[in-house]
Amino acid sequence: GSSELYEHLSLKIAEDEEMLKLSSYAQKGQPVPNLLFGAIHYLLLQGKEHVLKDYYPSIVTSPKEIESSFIPFKDFCQVYRDEIICILESKLVQTNEVRRCAYLYPTFCYIYEKVKKPLALIEIGTSAGLQLLWDKYSYSYGTKEIFGDLNSDVHITSEMRADRPPILFHSAPPVSERIGIDLHINDLTDKEDYLWLMALIWPNHNERRKLFEKSSHFIKATPIKFIEGDGVALISKLSNQIPRDSVLCIFHTHVANQIPLENKKKLLEEIKAIGSDRDVFHLYNNMNDGDLHLDYFIKGKENLKTIGKTDGHGRWFEWKME
């Protein structure tokens, strides 16, 4: 129900041995459909000449009927097979879904209300870091009331499903530090990286594209410490570098599905060890289930909270915490 084009193509690919073989070149642990569709979209956005582009609303204003898209899609994959394989073997799915900040905002308000300290942010799987800039955007949740940075060019709307809505500060809580970790950092000033991240946005999702374009401009104006490496391996060392007058906030959204099971367990163990020494909050999903969770340690005491379910693109989210 989110992309008729990708849904139609997915069902066709699932029954086509040649296309499944092509898909198998994706790196281990990667979400294969997203990577394959991203690779093809990337080549089309580069300007590859093929009738397939006429089915992509991100490229043409009046796309052709979806029902006839698979034959040209498969032909495109045959023509550009070597280039597609190269992308599947080298690129990662690193979507910067800016609208997910709609549920980051109330969560960080909740954290600040608990500890009254500036937030030191560490994002695992940061990609280009756009979610680390959540306090630079403005938000509304189905009413005229606006929260966050009222002067921001980026305004995010989302449906909050809550019996008891959270405390929402009109101005964002203070942020003392922003650290983004990823196996590959995407540099938005680099044309290739920028185009790849644009290609990961589904062709009919024009609003997502606009949010990405607008939020990209904030990267130059806001200092972020980017680190290329394994977030699980680095988290303990980084936590020791955060001053005690800030509260440590480790977060990742729709990333843990790409983390091996043993590393997931190790991450939870590392955070528990950190929590025995200082206050720490861990916001995440896709570790054991699809729900959004907030685990935290205050003065050594462990608290495990479930925020609720979220839409993958942040169009809605549940709020079940009190």
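For the structure itself, look to the data block above.
As a starting point, this report considers the structure included with it. Computed from a predicted structure; not experimentally measured.

Some words on the overall build of the chain
Counting secondary structure elements, the chain contains 10 helices and 12 strands. The C-alpha atoms of the chain give 20 Å as radius of gyration, which agrees with the globular expectation for 322 residues (20 Å, within 12%). Projected onto its principal axes, the C-alpha coordinates of the chain cover approximately 60 × 45 × 35 Å. Going through the 322 residues of the chain one by one, you find that 54% of them count as buried. A separation threshold of at least 6 residues defines the contact pool for the chain, and within that pool the share at least 24 residues apart is 70%. For the chain, the computed accessible surface area is about 15100 Å², with 49% contributed by carbon and sulfur atoms.

As for the side chain of His252
Within the element layout of this structure, His252 appears in strand S8 (residues 247–252). Overall, His252 belongs to the buried group, its relative accessible area being 0%. A polar side-chain atom of His252 sits 2.9 Å from a polar atom in the side chain of His282. Sequence-distant contacts of His252, defined by excluding residues within four places in its chain, comprise Ile124, Leu267, His282, Leu283, Tyr284, Asn285 and Met287.

Quick look at the sheet that holds strand S7 (residues 225–228)
With mixed pairing, the 7 strands of this open sheet are ordered in space as S7-S6-S1-S8-S9-S10-S11. If you trace the sheet from one side to the other, it starts and ends with S7 and strand S11 (301–308), each paired once. If you compare each strand with its neighbour and ignore which way they point, the axes differ by 15° on average. With 6 bridges connecting them, strand S1 (residues 119–124) and strand S6 (residues 175–182) associate as parallel partners. Of the residues in S6, the one forming a bridge with Leu121 is Arg178.

A closer look at the pairing of S8
With 6 of 6 residues buried, S8 is to be regarded as a mostly interior element. On S8, burial covers both faces: Val247, Cys249 and Phe251 on one face and Leu248, Ile250 and His252 on the other are all buried. Two strands pair when backbone bridges link them, and S1 and S8 are joined in this way by 5 bridges, in the parallel orientation. When the sheet's bridge partners are listed, Glu123 is paired in S8 with Phe251. Here 5 bridges tie S8 to strand S9 (residues 280–284), and the two strands are oriented parallel to one another. By the bridge assignment for S9, Cys249 is matched with Phe281.

Describing the sheet that holds strand S3 (residues 147–148)
The strand order S3-S2-S4 describes an open sheet built from 3 strands, whose pairing is mixed. Taken across any chain shown, the strands that pair with only one partner, and hence form the sheet edges, are S3 and strand S4 (155–157). With 2 bridges connecting them, strand S2 (residues 138–140) and S3 associate as antiparallel partners. Looking across to S3, one finds that Ser138 is bridged to Gly148. Across the sheet, helix H6 (residues 101–115) is in contact with S2, S3 and S4; its angle to S2 comes to roughly 95°.

Concerning unusual backbone geometry
Residue Ser127 is not a glycine yet carries a positive backbone phi of 60°. Residue position: Ser127 is located in the loop between S1 and S2. Located in the positive-phi region is Lys299, a residue other than glycine, with phi close to 55°. Position of Lys299 relative to the elements: it lies in the loop between strand S10 (292–298) and S11.

Structural notes on the side chain of Ser23
Here Ser23 lies in helix H2 (residues 17–23). A residue is classified by how much of its surface remains accessible, and Ser23, at 8% relative accessible area, is buried. Discounting chain neighbours no more than four positions away, the residues touching Ser23 are Ile13, Val32, Leu36 and Leu88.

Observations regarding helix H1 (residues 4–13)
Taken together, the buried positions of H1 are Leu5, Tyr6, His8, Leu9 and Ile13. End-on, the buried residues of H1 take up no more than an arc of 160°, which puts them together on one face. Facing away from the buried side of H1 by more than 90 degrees, the exposed set consists of Glu4 and Leu11. Along its buried surface, H1 packs onto H2, helix H3 (32–46) and helix H4 (70–79).

Focus: the state of the cysteines
Within this structure, the stated rule accounts for 0 disulfides. Summary of cysteine pairing: Cys77 is not part of a disulfide, and the nearest cysteine sulfur, belonging to Cys86, is at 15 Å. Using a relative accessible area of 2% as the deciding quantity, one classes Cys77 as buried. Between Cys249, a cysteine without a disulfide, and Cys109, which holds the nearest cysteine sulfur, the sulfur-to-sulfur distance is 12 Å. Overall, Cys249 belongs to the buried group, its relative accessible area being 1%.

The rules behind each value
- Residues numbered from 1 in each chain as written.
- Predicted model: local features only at pLDDT ≥ 70, side-chain atom pairs only at ≥ 80, totals over all residues.
- Heavy atoms only, no water.
- Helix = DSSP H or I, 4+ residues; strand = E, 2+ residues; numbered from the N terminus.
- Rg over C-alpha atoms; globule rule 2.2 N^0.38 Å.
- Buried < 20%, exposed > 50% of the residue type's maximum accessible area, 1.4 Å probe, protein only.
- Contact = heavy atoms within 4.5 Å.
- Areas by Shrake-Rupley, 256 points an atom, 1.4 Å probe, with all protein chains shown as cover.
- Polar contact = N/O pair within 3.5 Å; in protein donor to acceptor, adjacent residues only side chain to side chain.
- Pairing = 2+ DSSP bridges.
- Axes fitted to C-alpha atoms, helices over the stretch in contact; angles between N-to-C directions.
- Arc of directions from axis to C-beta.
- Disulfide = S-S within 2.5 Å.

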